[in-house]
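What follows is each chain in one-letter form.
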Amino acid sequence: MQIHNNTLIAECSAYDFKEMLERKKVKSWLKSVSAFANTEGGSLFYGVDDDGVIVGLENPQSDADFISETIKARLDPVPEIQLIPIEHEGHTLLEVKVKAGTLTPYYYYQDGTRTAYVRVGNESVECNSQQLLSLVLKGTHMTWDSLPTQVDASKHSFIILANTFREQTHQEWNDKYLESFGLVTPDGKLTNAGLLFVDNCTVFQSRIFCTRWTGLYKDDAISSVEHRANLVLLLKYGMDFIKNYTMSGWVKMPNYRLNLPDYSDRAIFEGLVNHLIHRDYTVMGGEVHIDIYDDRVELVSPGAMLDGTQIQDRDIFKVPSMRRNPVIADVFTQLDYMEKRGSGLRKMRELTEKLPNFLQGKEPQYQTEATSFYTTFYNLNWNENGRIPVEEVANRVNSTLEKYPVNEESSVERFGVNSKSFVKTFGDTQESSEKGSEIMQKGSEKKFGDSKNKSKSIGKTAQKIIDFVISDPSMSAETMAYKIGISSRAVEKHISKLRSMGILSREGADHGGYWCIVINPQTEQ
């Protein structure tokens, strides 16, 4: 706490200012005490007006006694508080510091009714049924996904999970993992998390709604599909839909092809994983939504921040890892779909910034409302005038690039709508990959200032490595080797060659770092 020019500056993230103590309307401030105890704690400052100006209390000792007795009489259980008197230039104010509770929910009690409150932004609001259930689970030190059901695990199979585990980790599956992962109880019953991973998942809220909208708003839908399945399949279906309705361009570099995708594949993957893991599964009518527009991809899921704060007001590099569904999160970690340290928001931004066609202001954005979490990815090849021609993107990426015409045979109008927007500029990635490789191998023109020798293609394997780096800069050499079908040693040789050629570099540690395609920066004119 700091005082500047007779104005109080609170150092806690959750606080309320009260000019005086309301003795007849105790609910006005007891609901804040309940909300602070039910979330991450906070402070009430008495003797301070709404603007933070210190006005002082006439009888702070009497007010402190009344606050203490009223909290004991009207809150159940009684939260842990501190009453701290503060003197400033002849004025006395009082801080009521409420500690985050471990016995949630903390109820406000009046006339035979009990009401629990939570903090949403800078307001204390009454809990809805889902929030109350979450508080009950928190108070019993359990989470929804860890609760046992009465369903026998022996009546269900986990073939999809087992096969995905083998593919992702290159290790053999053991049915004993089901219990160690928290999907099956020691007495053979499925947990709620287990129900979400069985092959024939019937959990109603395990759904995603995918929509490709025409233009920039929710007007007409080009395609709309609903999927109900286990979480492994939902992730696959969601990513398949996004890849089908987003695009990627490419340009010719001296001896390789450079992909310029609309979005970072891995960043969107991290985003969808984040929404499937952290969504509130107690909301029966809720599901994850994937909405694709011309200029952005939006992911929406039920469930706001656990601590009641708003993510748009937080520094994402300082947001601690708080998992609403730790069992689900652990399974995704075991599948190598996410990292344990809970760095998803930061990683999405970093992955996007590694793309060669990234522009400042196009970072992923996060927003929370009372009961929803939003992640927005912006199209890197789109501006206020529509889709950016590939030549303009190329010039922005590298000032040494010349304006080569786009391969018209590999450029297609993907969706058959918005013909003015979807101009023949960006080639389909798969088709252009093959044709681009052929063009590279010819190497018959002196381009990019090379006046001595014709540029020689780096080869198909090295090109695949470059494509992997664009798709996922965090991909390990071992994973590249597995995907290509060659040894790790062979991949390391290609990487070493690309690094010696000045095409590839490494940022950060071997674990947790990123591969980067080295591009000459745009110079000032």
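Conventions used here
- Once a new chain begins, its residue numbering starts again from 1 and follows that chain's sequence as written.
- Local features in this predicted model are restricted to residues of pLDDT 70 or higher, and side-chain atom pairs are both shown and tallied only at a pLDDT of 80 or more, whereas totals for entire chains, interfaces and linings draw on every residue.
- Based on all heavy atoms of the structure, the side-chain values leave hydrogens and waters out of the count.
- Each helix is a run of DSSP H or I of at least 4 residues and each strand a run of E of at least 2, with the numbering of both proceeding from the N terminus.
- Exposed residues in this analysis have more than 50% of their type's maximum accessible area, buried residues have under 20%, and partly exposed residues fall in between, with area computed by a 1.4 Å probe over protein chains only.
- Whether two residues are in contact is decided by their heavy atoms, any of which lying within 4.5 Å being enough.
- The method behind every accessible area is Shrake-Rupley, applied with a 1.4 Å probe, and residues are considered shielded solely by the protein chains displayed.
- Buried Ala, Val, Leu, Ile, Met, Phe, Trp, Tyr and Cys residues form a nonpolar core when they are joined through side-chain atoms within 4.5 Å.
- One number per residue, pLDDT, summarises how confident the predictor is, and it ranges from 0 to 100.
- Expected helix span is given by 1.5 Å per residue-to-residue step, counting one fewer step than there are residues.
- Side-chain rings of Phe, Tyr and Trp (the six-membered ring for Trp) are treated as a pair once their centres are within 6.5 Å; stacked means planes under 30 degrees apart, edge-to-face means over 60, and tilted covers the remaining angles.
- Charge-over-ring placement is defined geometrically: NZ (Lys) or CZ (Arg) within 6 Å of the ring centre, and within 35 degrees of the ring normal.
- Paired strands are those between which DSSP finds at least two bridges.
- Where helices are involved, their axes are fitted lines through C-alpha atoms of the stretch in contact, as for all axes, and angles between N-to-C directions lie from 0 to 180°.

> I would appreciate a short explanation of the overall build of the protein in the present structure.
Secondary structure summary: the protein contains 15 helices and 24 strands in total. By the burial criterion, 52% of the 525 residues in the protein qualify as buried. Considering only contacts within the protein whose residues lie at least 6 apart along the sequence, 66% involve residues at least 24 apart. Looking at the protein as shown, the accessible area adds up to about 25500 Å², and 47% of this sits on carbon and sulfur atoms.

> Please explain the nonpolar core as it appears in this structure.
If you look at soluble globular proteins, the nonpolar side chains tend to sit buried side by side. Membership of the largest hydrophobic core comes to 64 residues, with the highest contact counts inside it found for Leu 161, Leu 183, Leu 196, Phe 197, Leu 235, Ile 328 and Phe 332. Per element, the largest residue contribution to this core is 8 residues, and it comes from helix H7 (residues 231–244). Leave out the neighbours within four places in its chain, and Ile 328 touches Asp 145, Ala 193, Leu 196, Phe 197, Leu 231, Leu 276, Ile 277 and Tyr 281. Counting 33 residues, the second largest nonpolar core, distinct from the first, contains Ile 458, Ile 503, Leu 504 and Ile 519.

> Where do I start with the confidence of the model for the protein in this structure?
As a general rule, the predicted coordinates of low-pLDDT regions are not to be interpreted in detail. Looking at the protein, the pLDDT average stands at 84 and 85% of residues meet or exceed 70. The low-confidence segment residues 400–454, where pLDDT is below 50, has 111 contacts with residues more than four positions distant or belonging to other chains.

> Where do I start with helix H15 (residues 488–500) in this structure?
The periodicity of an α-helix, 3.6 residues per turn, causes residues three or four positions apart to be oriented the same way. When the terminal C-alpha atoms of H15 are compared, their 18 Å separation across 13 residues agrees well with the 18 Å that a helix rising 1.5 Å per residue should span. Considering only its buried residues, H15 is in contact with helix H13 (460–471), helix H14 (477–484), strand E23 (504–507) and strand E24 (514–517). Phi turns positive one or two residues past the end of H15, at Gly 502, with a value near 80 degrees.

> Got a minute to help me understand the packing of aromatic side chains in this structure?
The geometry of an aromatic ring pair comes down to the distance between the two centres and the angle between the two planes. Counting across every chain of the model gives 14 aromatic pairs. Taking 5.9 Å as the distance between ring centres and 65 degrees as the angle between the ring planes, the aromatic pair formed by Phe 17 and Phe 45 counts as edge-to-face. Note that Phe 17 is positioned in strand E3 (residues 15–18) and Phe 45 in strand E4 (residues 42–46), a separation of 28 residues in sequence. Among the residues examined, Phe 17 registers a relative accessible area of 15% and is labelled buried. Here the aromatic cluster, defined as three or more aromatic residues joined through ring pairs, consists of Phe 165, Trp 173, Tyr 177 and Phe 181. Sitting above the plane of the Tyr 281 ring, Arg 279 keeps its charged end 4.4 Å from the centroid.

> Can you walk me through the sheet that holds strand E6 (residues 81–88) in this structure?
Sheets are built from strands paired through backbone hydrogen bonds, the pairs being either parallel or antiparallel. In space, the 4 strands of this open sheet follow the order E3-E4-E7-E6, with mixed pairing throughout. The open sheet has two free edges, formed respectively by E3 and E6, since each of these has just one partner strand. Direction aside, the axes of adjacent strands within the sheet are offset by 20 degrees on average. With 4 bridges connecting them, E3 and E4 associate as parallel partners. The residue bridging Phe 17 from the neighbouring strand is Phe 45, located in E4. Sheet strands touched by helix H1 (residues 27–38): E3, E4 and strand E7 (91–98). Its angle to E4, the strand with the most contacts, is close to 155 degrees. Here helix H2 (residues 60–74) sits on the sheet and contacts E4, E6 and E7; the angle it forms with E7, its principal contact strand, is near 20 degrees.

> Just checking my understanding: could you explain unusual backbone geometry for this structure?
The phi torsion of most residues other than glycine is negative, and most of the peptide bonds are trans. Omega for the bond connecting Asp 76 with Pro 77 falls within 30 degrees of zero, at -10 degrees, which places this linkage in the cis form. As for its placement among the helices and strands, Pro 77 is situated in the loop between strand E5 (75–76) and E6. Residue Pro 105 is reached from Thr 104 by a cis peptide bond, and omega for that bond is 0 degrees. Position of Pro 105 relative to the elements: it lies in the loop between E7 and strand E8 (107–110). Despite not being glycine, His 170 shows a phi value in the positive range, around 60 degrees. Position of His 170 among the secondary structure elements: in the loop between helix H4 (159–169) and helix H5 (177–180). Exposure remark for His 170: the relative accessible area of 41% places this residue in the partly exposed category. Of note in the backbone geometry, Asp 336 takes a positive phi value of approximately 65 degrees without being a glycine. Within the fold, Asp 336 resides in the loop between helix H9 (326–334) and helix H10 (344–353). Classification of Asp 336 by relative accessible area gives partly exposed; the value is 43%.

> Would you mind showing me how to read the pairing of strand E9 (residues 113–120) here?
Both faces of the sheet carry side chains from a regular strand, because those side chains alternate between them. Taking burial as the measure, the 8 residues of E9 include 6 buried ones, the bulk of the element. Strand direction decides the pairing type here: E8 and E9, joined by 4 bridges, are antiparallel. Across the sheet, Tyr 109 pairs through a bridge with Arg 114, a residue of E9. Counting the residues between successive antiparallel strands, the hairpin from E8 to E9 contains 2 residues, one of them, Asp 111, with a positive phi of roughly 50 degrees. Sheet topology note: the E9/strand E10 (residues 123–126) ladder contains 4 bridges and is antiparallel. Bridged to Arg 119 within E10 is Ser 124. A loop of 2 residues connects E9 with E10, the two strands running antiparallel in sequence, and Gly 121 in this loop sits at a positive phi of about 65 degrees.

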